[in-house]
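Each chain, letter by letter, is given below.
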Amino acid sequence: MPIDKALNQAPVLDAVVGLPEPQMDIEVIIEDDGGATVEIGADKASEVDFYDNLVDVIDPDDLGRIALEVSAAFEADKGSRSDWENMYAKGLELLGLKMEERTKPFRGAAGVAHPMLTEAIVQFQAQAFKELMPAGGPVRTQIVGKETVDKYQQASRVQDFMNYQITTVMEEYTPEFDQLLFYSGYGGSTFKKVYYDYQLGRMVSKLCLADDVYIPYNGSSVMSQCSRITHRIAMDANDFRKRVVAGEYRDIPVQTSAAPADPSPIQAATDKVVGVQPTDDIGEVFLLEMLVNLDIPGFEDIDSKGEPTGIKLPYVVTLAEDTLQVVGIRRNWRENDALKQRRNYFVHYVLVEGPGAYGLGFVHLIGGLSKGATSALRQLIDAGTLANLPAGFKSKGARIADDSDPIQPGEWRDIDVGGAEISASLLPLPYKEPSQVLFGLLGFLVDAGKRLSSTADMQVGDGNQYAQVGTTLALLERGSMVMSSIHKRMHYAQTLEFRLLFEGFGTFLPDEYPYEVPGASRRVKRTDFNNMVSVLPVADPNIFSTAQRIQLAQMQLQLAQSAPNMHNMYEAYYRVYAALNVRDIDGILLPQNTQMPRDPATENADVLNNMQLKAFAGQQHDAHIITHLMMGLSPILQSNPMSAMMLQRHILDHVRIKAEEDVEADLFKAYGTDPDRMVSPIQKEGMVALRIAQYMKDVRDLQDQLTGGGGEDPIVALKQQELQQRAQADQADNQIDQQRLALDQQRLQQRGQIDQQRLALQAAKVQPLNQGARNAA
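Remember, it's a predicted structure, so these values are computed and weren't measured experimentally.

### What to know about the sheet that holds strand β11 (residues 346-350)
Turning to step 1, where the next piece is worked out: Pairing in this open sheet of three strands is antiparallel, and the strands run β5-β4-β11 from one edge to the other. Strand pairing shows two members of the sheet lacking a second neighbour, β5 (202-209) and β11, which therefore form its edges. On average, each strand axis in the sheet is inclined to that of its neighbour by 25°, with strand direction left out of account.
Turning to step 2, where the next piece is worked out: Summarising the sheet, strand β4 (residues 189-197) and β5 pair through eight bridges and their orientation is antiparallel. Paired with Asp197 across the two strands is Arg202, which belongs to β5.

Spelled out as structure tokens, the structure:
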């Protein structure tokens, strides 16, 4: 085809196909005979994989437009927080991290900074780090829905794997989390960026300071609700080259330096306080990674009719900060997501929520008090210095030896005053001693700052040990409200971070565990990371310190001891030992119950120790029932009615759970995946009751077989034996009572006879006296 004819027909072909011109890729190939071949490419979106870099397939003009659009948005976000950056930078001087030699108002003036702000930050950092990052790992799991043996084992595997990854594989996690708490305490906002790093081949939870994360003016502290997020990345030049070779970034010439071309006030103030400065021998590449919504030609959102909707889609756009050239554009939604919702990688750790997208730190809460305390402290020190080494005026004619050197304490020098009095030639300036009013003001500022930041020492031992429990708990809550609320915010942010890690571990990491899994295959990891298990921090959101945990446990024990019949004393003592961080609690307390699934033989042994047994869904109920029935025939158990009753109760639990599982299986088989719409709860309960009655008959038949056929239920026999023993005891008591009654009657008769004899004797004594009296008359 001649070239002119081919070029003339190209727009016609576009109209016939019915696609927008930017979506078509037209290539003209000139043949040797002077003709030309026109090749019309497919849609740009189909030329690359879904998660690949789109820079190479987007028109250069569109790349330039995108670069201008996102860079203008970044400059707007950067300018909107300029005052916030200046305040953040000025507060760094209040930390007192740099030794300052002052020459004003005089040489050697005090340059000390009051440690109020630093104390609040460090105490918060220490408390939060101990609670949120325990030695055994920060992750615990929670079963979603009905508890089964498989879910317990799955939750245990997920918990062990995540703690192993965070504490062992992710070597940077613990020190960066410690640093995160410091910056969160200072400025109120710190970020974690959770993603899969292809260069490291594992999940990463990278610390991002507030200085490097830009939120728009109308943004929110909830990162998923921000219209865009910009992350300034400082990357080693060699690492950038590795990512270029791997296809992550476009290969363009970039400038390397030790600091960005336009450093922020926060970075400049941090360098000044820490005492470092950038050098030219370390090359870094500075990138701007932005999570934005764009409408890119060739990648538009299409409706059901194949027409562009004009809706902007979420992308991750990466620019070189120095040249503002686009080096990467990637889709930022899941491939199978019909709604195309933006994926979030950032977690915002907030100390105190306040106005605006960024949180409030101790520099905002007590920064003014800290500045006032520093000023008062310096004035007190300077006043003491000047009072101890006063200066003054001397007459012009007076001469002092070595007057160029200051007089040291305890030193005397010669002075020539020409015959005049020394007091007339010297006039000391009227320096005052340190003011007591100023000292009292300093104490007031410090107390106010400690009350606001909750850093005042909690004198637990000074309280009245006989005070009411409610009074003690009220005082504890009153003194820890601020720190408790801060701890809950940290707990919430850590929960979001673990969810992102959970999602990444189940998506990007290999399908099998890197170590042997007890009782299961290593490939069980493929199915472990699902919605049947949720991950949470180990820390309790309501308890932020060991002292608080111990005091609450002691209060619980005190309440339990006041009414032991209504409480589980084992659990009360167990919580006290757990609060004291005692590791081998089972070596101190006798175990009372089993909270994990166990085999029937172990349960038979536990019941002899008077331990409460628990049945779980998913167990081999028939095997448990048979084993426990055989145990019930043991003479040892028959001589222990309490253990026999516990075992019988456990058998009934297995019967109930087995009936519920079988009914659910029948309903799913009959009605599909949603049987609750077809069967009401009352009908389901009736089906379970009928199945329980059937299984109880089976248990009775099995029991007859074990006892030789038609035998009596051993539990019933034990009950009858117990009743017989009670009847015999009652009969013996009756016999004793009858004997006592006979003895009482015999004693009464004896007393009656004695009384009659006594009366007869008295009558015999009285009769001669009466006869004598008559004779005398």
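### A word on the pattern of salt bridges
Turning to step 1, where the next piece is worked out: Scanning the entire structure with this criterion turns up 26 salt bridges.
Turning to step 2, where the next piece is worked out: Close ionic contact of Glu664 with Lys684 constitutes a salt bridge, the shortest N to O distance being 3.7 Å. Of this pair, Glu664 sits in helix α21 (residues 641-671) while Lys684 sits in helix α22 (residues 681-706), and the two are 20 residues apart along the sequence.
Turning to step 3, where the next piece is worked out: What makes Glu664 partly exposed here is its relative accessible area of 26%.
Turning to step 4, where the next piece is worked out: In the salt-bridge network here, residues are joined through shared partners; they are Arg65, Glu69 and Lys312.

### A few points about the packing of helix α16 (residues 546-562) against helix α17 (residues 569-579)
Turning to step 1, where the next piece is worked out: The interhelical angle for the contact between α16 and α17, taken along N-to-C directions, is 160°, at an axis separation of 8 Å. Relative to α17, the element α16 is oriented roughly antiparallel. Helix-helix and strand crossings are classified by hand; for α16 and α17 the assignment is left-handed. In this structure, α16 contributes Thr546, Arg549, Ile550, Ala553, Gln554, Gln556, Leu557, Ala560 and Gln561 to the contact, and α17 contributes Met569, Ala572, Tyr573, Arg575, Val576 and Ala579.
Turning to step 2, where the next piece is worked out: Tallied by class, the residues present in the contact of α16 with α17 amount to nine nonpolar, four polar and two charged.

### Some details on helix α6 (residues 173-187)
Turning to step 1, where the next piece is worked out: Here α6 contains 15 residues, and its C-alpha end-to-end distance of 21 Å stays within 8% of the 21 Å for a straight helix at 1.5 Å per residue.
Turning to step 2, where the next piece is worked out: Buried residues of α6: Tyr173, Glu176, Phe177, Leu180, Leu181, Tyr183, Ser184, Gly185, Tyr186 and Gly187, and no others.
Turning to step 3, where the next piece is worked out: Once α6 finishes, Gly188 follows within two positions and takes phi at roughly 90°, a positive value.

### Some words on the sheet that holds strand β9 (residues 313-320)
Turning to step 1, where the next piece is worked out: The five strands are arranged β6-β7-β8-β9-β10 in an open sheet whose pairing can be described as antiparallel. Two strands lie at the open edges of the sheet, namely β6 (213-214) and β10 (326-331), each paired on one side alone.
Turning to step 2, where the next piece is worked out: Where β9 and β10 come together, five bridges link them in antiparallel fashion. Pairing of Tyr315 across the sheet is with Arg331, part of β10.
Turning to step 3, where the next piece is worked out: On the sheet, helix α2 (residues 60-80) packs against β6, β7 (229-236), β8 (284-294), β9 and β10 and is oriented at approximately 100° with respect to β8.

### Considering the nonpolar core
Turning to step 1, where the next piece is worked out: Membership of the largest hydrophobic core comes to 78 residues, with the highest contact counts inside it found for Leu117, Phe124, Met162, Phe362, Leu501 and Phe505.
Turning to step 2, where the next piece is worked out: Those residues in contact with Phe362 that sit more than four places away from it in its chain are Leu117, Ala120, Ile121, Phe124, Gly185, Tyr186, Leu351, Gly367, Ser453 and Ile486.
Turning to step 3, where the next piece is worked out: Listed in part, the 26 residues of the second largest apolar core include Val55, Leu294, Phe299 and Val317.

### Description of the packing of aromatic side chains
Turning to step 1, where the next piece is worked out: All chains considered together, the criterion is met by 22 aromatic pairs.
Turning to step 2, where the next piece is worked out: Aromatic side chains Tyr196 and Tyr198 sit 5.0 Å apart centroid to centroid with 85° between the ring planes, which places their arrangement in the edge-to-face category.
Turning to step 3, where the next piece is worked out: Judged by relative accessible area, which is 18%, Tyr196 ranks as buried.
Turning to step 4, where the next piece is worked out: In this structure an aromatic cluster arises from ring pairing among Phe161, Tyr164, Phe502, Phe505, Tyr513, Tyr515 and Phe529.
Turning to step 5, where the next piece is worked out: Positioned above the aromatic ring of Tyr214, the side-chain terminus of Arg81 is 3.9 Å from the ring centre.
Turning to step 6, where the next piece is worked out: A cation over a ring is seen here: Lys658 above Tyr695, with NZ or CZ 4.4 Å from the ring centre.

Conventions adopted
- Residues numbered from 1 in each chain as written.
- Predicted model: local features only at pLDDT ≥ 70, side-chain atom pairs only at ≥ 80, totals over all residues.
- Heavy atoms only, no water.
- Pairing = 2+ DSSP bridges.
- Helix = DSSP H or I, 4+ residues; strand = E, 2+ residues; numbered from the N terminus.
- Axes fitted to C-alpha atoms, helices over the stretch in contact; angles between N-to-C directions.
- Salt bridge = Lys/Arg side-chain N within 4 Å of Asp/Glu carboxyl O.
- Buried < 20%, exposed > 50% of the residue type's maximum accessible area, 1.4 Å probe, protein only.
- Parallel < 35°, antiparallel > 145°, perpendicular 65-115°, else oblique.
- Left-handed = near helix turned anticlockwise from the far one by under 90°.
- Contact = heavy atoms within 4.5 Å.
- Nonpolar A, V, L, I, M, F, W, Y, C, P; charged D, E, K, R; others polar.
- Expected span 1.5 Å × (residues − 1).
- Core = buried A, V, L, I, M, F, W, Y, C linked by side-chain atoms within 4.5 Å.
- Phe/Tyr/Trp six-rings, centres within 6.5 Å; stacked < 30°, edge-to-face > 60°.
- Lys NZ or Arg CZ within 6 Å of the ring centre and 35° of its normal.

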